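Chain by chain, the residues run as shown.
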Amino acid sequence: MAAARPSGSWSGALCRLLLLTLAILIFASDACKNVTLYVPSKLDAEKLIGRVNLKECFTAANQIHSSDPDFQILEDGSVYTTNSILLSSEKRSFTILLSNTENQEKKKIFVFLEHQTKVLKKRQTKETVLRRAKRRWAPIPCSMLENSLGPFPLFLQQVQSDTAQNYTIYYSIRGPGVDQEPRNLFYVERDTGNLYCTRAVDREQYESFEIIAFATTPDGYTPELPLPLIIKIEDENDNYPIFTEETYTFTIFENCRVGTTVGQVCATDRDEPDTMHTRLKYSIIGQVPPSPTLFSMHPTTGVITTTSSQLDRELIDKYQLKIKVQDMDGQYFGLQTTSTCIINIDDVNDHLPTFTRTSYVASVEENTVDVEILRVTVEDKDLVNTANWRANYTILKGNENGNFKIVTDAKTNEGILCVVKPLNYEEKQQVILQIGVVNEAPFSREASSRSAMSTATVTVNVRDQDEGPECNPPIQTVRMSENAAVGTTSNGYKAYDPETRSSSGIRYKKLTDPTGWVTIDENTGSIRVFRSLDREAETIRNGIYNITVLASDQAGRTCTGTLGIILQDVNDNGPFIPKKTVIICKPTMSSAEIVAVDPDEPINGPPFDFSLESSTSDVQRMWRLNKINDTAARLSYQNDPAFGSYVVPITVRDRLGMSSVTSLDVVLCDCITENDCTRRADPRIGGGGVQLGKWAILAILLGIALLFCILFTLVCGASGISKQPKVIPDDLAQQNLIVSNTEAPGDDKVYSANGFTTQTVGASAQGVCGTMGSGVKNGGQETIEMVKGGHQTLESCRGAGHHHTLDSCKGGHTEVDNCRYTYSEWHSFTQPRLGEKVYLCNQDENHKHAQDYVLTYNYEGRGSVAGSVGCCSERQEEDGLEFLDNLEPKFRTLAEACMKR
């Protein structure tokens with residue numbers, strides 16, 4: 001019997017195994033791979049015991065069901081307990097049913113639960129008697145649940161090498177959790193290879209551990225390579241989701257549409273991402289005030305939207321929501337956290353301002369201005385001191401003359417009605433205004449049955465005031481003839497009392513009278529001619545003479561007006577010719593046009609009659625007049641008069657016979673245009689008014705000085721043949737040679753055609769050419785050689801001990817037979833150069849001498865008794881000629897030499 005109990009126990013176990021195998025065979029077509037979960041003997045409620053790979057079995061499943069109500073299966077395959085469970089010694093199993101409602105396909109997964117300690121004992125017993133046919137030294141998947149309750153040490157798995165069949169193998173491990181932080185978390189039994197964990201692990205701190213397992217013999221031989229072993233820490237839902245803010249605050253406009261986004265809330269969870277532990281679900285669990293419910297929250301995104309368009313700030317301006325976030329996709333056993341969301345309702349202009357009264361009455365005294373006469377008030381439910389509340393007032397009717405304006409008081413929002421233009425009681429005793437009001441911001445709602453503007457009526461009564469005289473119209477006119485006799489009277493300015501419409505009792509006084517032509521009667525305002533009136537005077541504009549009149553009543557109140565005297569024209573002015581000088585260019589013109597004017601009005605003016613005044617017969621013989629139109633005639637000459645200036649008297653008559661004589665100064669000029677005649681003086685015209693400029697005068701004077709220098713040189717050369725040469729003064733050195741084109745040298749002087757730079761006379765040379773030749777310098781300076789009489793030979797050009805040639809002046813070697821040059825040669829050389837030099841005069845843009853205008857030259861030789869003749873170049877004045885009277889000995893010697901010749 002004792003032996004029968006074990007036999008019966010093994011028989012029962014065998015039967016149950018056969019039944020299970022039979023069930024598996026029956027559902028083989030619909031079943032997936034079996035799953036075994038190793039769990040402690042005691043399981044708490046709502047605890048994760050493992051995961052099943054549902055996708056590997058049935059990808060298209062949309063429904064998941066557990067056959068055991070003590071267990072719940074989530075979408076990711078997580079298996080949770082719904083109640084506390086105590087495992088017996090027998091195995092426990094249940095089925096996971098997967099189905100697709102669209103095609104009615106179904107599959108099953110069998111889940112077996114085994115106690116960890118019994119499994120360990122079975123492994124140890126079997127491993128002692130069974131031989132392994134499969135290699136055991138390979139990475140074995142291993143995991144452990146975080147925050148495990150043990151019992152510790154907790155068996156994880158066994159590491160074993162096949163070489164243990166032939167050798168004694170010792171097992172060891174290294175790495176994080178062993179000899180690295182966190183130290184001593186894992187250890188392995190040296191002989192069996194069983195791997196244990198010594199304490200609980202937090203996955204949020206360590207997601208996994210990678211340790212290295214070693215298999216060695218007692219003598220240190222390593223038959224296996226080091227084995228990397230990864231221990232994954234399975235997540236447990238031990239972290240609550242947390243909102244990013246303790247209190248959320250959002251603002252939304254009132255009357256917004258349904259579905260308007262209010263804001264978005266967000267929460268975080270430290271558990272493993274992409275698992276049910278971090279699948280969050282948002283919801284609103286409370287609202288203050290509780291009704292009506294106006295907001296909803298998207299469960300996945302946390303976006304809050306409106307569910308109604310009845311948000312009214314004027315009723316409720318703030319809502320407070322209590323919101324919740326829960327993991328496990330909102331399952332009842334998921335962890336949850338709450339927060340607060342405050343929603344402020346912002347104002348829009350959904351209420352029109354309305355007048356508190358529909359009609360108002362005000363009064364104002366006439367002739368007053370810039371006074372406040374009324375304040376009106378409005379009601380507006382919108383937010384105070386915003387554009388939706390502030391009022392804009394306007395006057396709709398009754399203010400056509402611009403007497404009133406209405407403005408807004410920024411503090412009280414009242415409308416202030418003011419008078420900006422004085423009212424007249426005599427014209428209107430009452431004014432009725434219609435005023436309207438709107439907000440600064442546009443109205444947000446469309447106008448329906450009622451108007452978008454509130455209106456009210458204001459009746460303004462005008463009070464009478466004792467006024468002074470009124471000058472109306474301010475400008476009054478009278479007509480008078482310009483030849484009215486002194487003492488002539490006429491109606492003047494009239495003012496009146498606005499209340500009685502009478503002019504009695506009003507006194508008048510003249511304020512302004514530009515020429516003092518009239519006087520004014522103090523009692524009646526009539527005017528009297530004091531001086532002769534002239535319509536053509538300079539103070540008259542458009543034939544009207546204006547005076548200013550002051551009117552005053554007995555109380556001293558005054559007004560001012562203007563009296564315009566319209567002067568009627570009288571034919572008291574004859575027509576005349578304003579242009580007194582007429583220029584006729586004889587080569588191009590035979591006549592000139594003359595135009596007459598008349599200061600009188602057109603009725604006393606053209607057409608004009610032109611005629612020559614027949615005082616002398618020469619005028620009739622030389623000139624002829626032809627009428628062109630009503631105001632112009634053509635003056636032409638006849639009998640070919642000479643160039644000059646002539647006086648031609650012309651009589652002009654208007655249509656009424658009034659005439660005047662104008663003496664014209666007619667100039668017959670040899671010109672192309674009139675401007676040519678005015679710019680220069682023609683020698684054939686008497687009294688030419690053309691004047692020479694200062695540069696022209698200076699050029700003439702310098703030309704004269706140059707001529708004197710040439711003459712002086714000739715005199716000195718001629719006198720050197722017959723007698724000893726005179727000593728040249730030393731002050732002639734560094735003198736200026738001034739170019740002039742106004743004079744030419746005498747016919748008996750001969751010059752070199754090769755240049756115009758003069759050389760001075762040498763002291764030791766003899767003869768004309770010899771004297772000149774001795775002064776030649778090397779370097780290219782050209783010489784002016786002078787021969788008297790024109791019969792000198794080459795021998796006369798030889799000096800003492802020197803033989804001079806013409807080319808020696810230039811630096812050449814060809815000998816010249818004679819030194820004679822004709823006047824034509826000299827003229828052809830000097831004229832172009834003198835003209836060019838004079839042209840360069842005053843060509844600089846700053847009106848200074850051109851650089852080539854005044855050139856210096858060196859004069860070599862001895863001084864003379866007369867001294868230097870370069871006095872003209874020493875003068876700095878441009879226009880002064882007084883130095884010609886005080887030259888003293890400088891030009892006296894030259895004058896004497898000229899007189900001897």
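Residues numbered from 1 in each chain as written. Predicted model: local features only at pLDDT ≥ 70, side-chain atom pairs only at ≥ 80, totals over all residues. Heavy atoms only, no water.

Attention now goes to the overall build of the protein chain. The secondary structure content of the protein chain amounts to 10 helices and 50 strands. The buried share among the 901 residues of the protein chain stands at 40%. Summarising the internal contacts of the protein chain: among those between residues at least 6 apart in sequence, 66% fall at separations of at least 24. Carbon and sulfur atoms make up 50% of the accessible area of the protein chain, which totals about 50200 Å². (Helix = DSSP H or I, 4+ residues; strand = E, 2+ residues; numbered from the N terminus. Buried < 20%, exposed > 50% of the residue type's maximum accessible area, 1.4 Å probe, protein only. Contact = heavy atoms within 4.5 Å. Areas by Shrake-Rupley, 256 points an atom, 1.4 Å probe, with all protein chains shown as cover.)

Tracing the backbone shows glutamate 414 in the loop between β31 (404–408) and β32 (415–419). Looking at glutamate 414, its side chain comes within polar contact range of the side chain of arginine 375, at 2.8 Å. For glutamate 414, the side chain forms a polar contact with the side chain of threonine 412, separated by 3.2 Å. Sequence-distant contacts of glutamate 414, that is, excluding residues within four places in its chain, are made with Arg375, Val376, Thr377, Tyr393, Val407, Thr408 and Asp409. (Polar contact = N/O pair within 3.5 Å; in protein donor to acceptor, adjacent residues only side chain to side chain.)

It is worth spelling out the sheet that holds strand β24 (residues 318–326) at this point. Within the open sheet, the four strands sit side by side as β18-β25-β24-β21. Their pairing is mixed. Each of the sheet's edge strands pairs with one partner strand only, and the pair in question is β18 (247–253) and β21 (281–288). Ignoring strand direction, the axes of neighbouring strands in this sheet form an average angle of 30°. Where β21 and β24 come together, seven bridges link them in antiparallel fashion. Each residue of the ladder has a partner; that of tyrosine 282, found in β24, is valine 325. (Pairing = 2+ DSSP bridges. Axes fitted to C-alpha atoms, helices over the stretch in contact; angles between N-to-C directions.)

Taken together, Ile700, Ile704 and Phe708 make up a surface patch of nonpolar side chains, about 220 Å² in accessible area. Secondary-structure assignment places isoleucine 700 in helix α6 (residues 694–722). (Patch = residues over 30% accessible without salt bridge, like charges linked within 9 Å, V, L, I, M, F, W, Y side chains within 5 Å. Salt bridge = Lys/Arg side-chain N within 4 Å of Asp/Glu carboxyl O.)

Once that is clear, we can look at the pattern of salt bridges. The full count for this structure, using the stated rule, is 21 salt bridges. Between arginine 92 and aspartate 68 there is a salt bridge, with the nearest N and O atoms lying 3.1 Å from each other. Here aspartate 68 lies in the loop between β4 (63–66) and β5 (71–73) and arginine 92 lies in strand β8 (residues 92–100), a separation of 24 residues in the sequence. Owing to a relative accessible area of 9%, aspartate 68 belongs among the buried residues under this scheme.

Moving on, we get to the confidence of the model for the protein chain. Mean pLDDT over the protein chain works out to 75, with 70% of the residues at or above the 70 mark. Here residues 1–15 scores under 50 on pLDDT; set against residues more than four positions off or in separate chains, the count is zero contacts. Note on residues 118–134: pLDDT is under 50 here. Beyond four places in sequence and across chains, it has 15 contacts. (pLDDT = per-residue confidence, 0-100.)

Of note, isoleucine 395 is situated in strand β30 (residues 391–397). Spatially, the C-alpha atom of isoleucine 395 lies 9.9 Å from that of valine 458, the residues being 63 residues apart in sequence. Setting aside residues up to four positions removed in sequence, isoleucine 395 forms contacts with Phe404, Lys405, Ile406, Leu417, Leu433, Gln434 and Ile435.

The next subject is the sheet that holds strand β45 (residues 623–627). As summarised here, the arrangement of the three strands in space is β43-β46-β45, forming an open sheet in which the pairing is antiparallel. With one partner strand each, in any of the chains shown, β43 (591–595) and β45 form the two edges of the open sheet. Between one strand and the next, the sheet's axes are offset by a mean angle of 25°, whatever the strand orientation. Pairing of β43 with strand β46 (residues 632–637), which is carried by five bridges, proceeds in the antiparallel orientation. Residue pairing across strands places alanine 592 opposite leucine 635, the latter belonging to β46.

Attention shifts here to the packing of aromatic side chains. Applying the stated criterion to the full structure yields 15 aromatic pairs. On the basis of an interplanar angle of 70° and a centroid distance of 5.2 Å, the ring pair of phenylalanine 186 and phenylalanine 209 is categorised as edge-to-face. Remark: phenylalanine 209 occurs in strand β15 (residues 208–216) and phenylalanine 186 occurs in strand β13 (residues 186–188); sequence separation between them is 23 residues. Considered together, phenylalanine 186 and phenylalanine 209 belong to a single accessibility category, that of buried residues. Site record: aromatic cluster; members linked through ring pairs are Phe243, Tyr248, Phe250 and Tyr282. (Phe/Tyr/Trp six-rings, centres within 6.5 Å; stacked < 30°, edge-to-face > 60°.)

Tracing the sequence through the fold places asparagine 100 in strand β8. Residues in contact with asparagine 100, not counting those within four places in the same chain, are Phe58, Ala60, Asn62 and Glu105.

Here the bond from valine 288 into proline 289 is cis, since omega is -5°, no more than 30 degrees from zero. Within the fold, proline 289 resides in the loop between β21 and β22 (295–297). In this structure, the amide linkage connecting serine 291 to the following residue, proline 292, adopts the cis form with an omega of -5°. With respect to the helices and strands, proline 292 occurs in the loop between β21 and β22.

This paragraph deals with the state of the cysteines. Taken as a whole and assessed by the stated rule, the structure comprises four disulfides. A sulfur-sulfur separation of 2.0 Å characterises the disulfide bridge that pairs cysteine 585 with cysteine 671. Taking the sign of the torsion about the S-S bond as the criterion, the disulfide between cysteine 585 and cysteine 671, at about -90°, is left-handed. Highlighted residues: cysteine 585 in strand β42 (residues 581–585) and cysteine 671 in the loop between β48 (659–669) and α5 (674–679), separated in sequence by 86 residues. Here cysteine 585 matches cysteine 671 in class, with each residue buried. Here cysteine 669 is linked by a disulfide to cysteine 677, with a sulfur-sulfur distance of 2.4 Å. Taking the sign of the S-S torsion, 110° for the link of cysteine 669 and cysteine 677, the bridge is right-handed. Here cysteine 669 falls in the buried class, since its relative accessible area comes to 2%. The class of cysteine 677 is buried, set by a relative accessible area of 11%. (Disulfide = S-S within 2.5 Å.)

What follows covers the environment of threonine 163. Locating threonine 163 in the fold gives a position in the loop between β11 (154–158) and β12 (170–174). Since its relative accessible area comes to 15%, threonine 163 is described here as buried. When the C-alpha positions of threonine 163 and threonine 217 are compared, they lie 9.7 Å apart, and in sequence the two are 54 residues distant. Residues within four places of threonine 163 in sequence aside, it is in contact with Ile169, Pro223 and Glu224. Within polar-contact distance, the side chain of threonine 163 engages the side chain of serine 161 at 2.8 Å.

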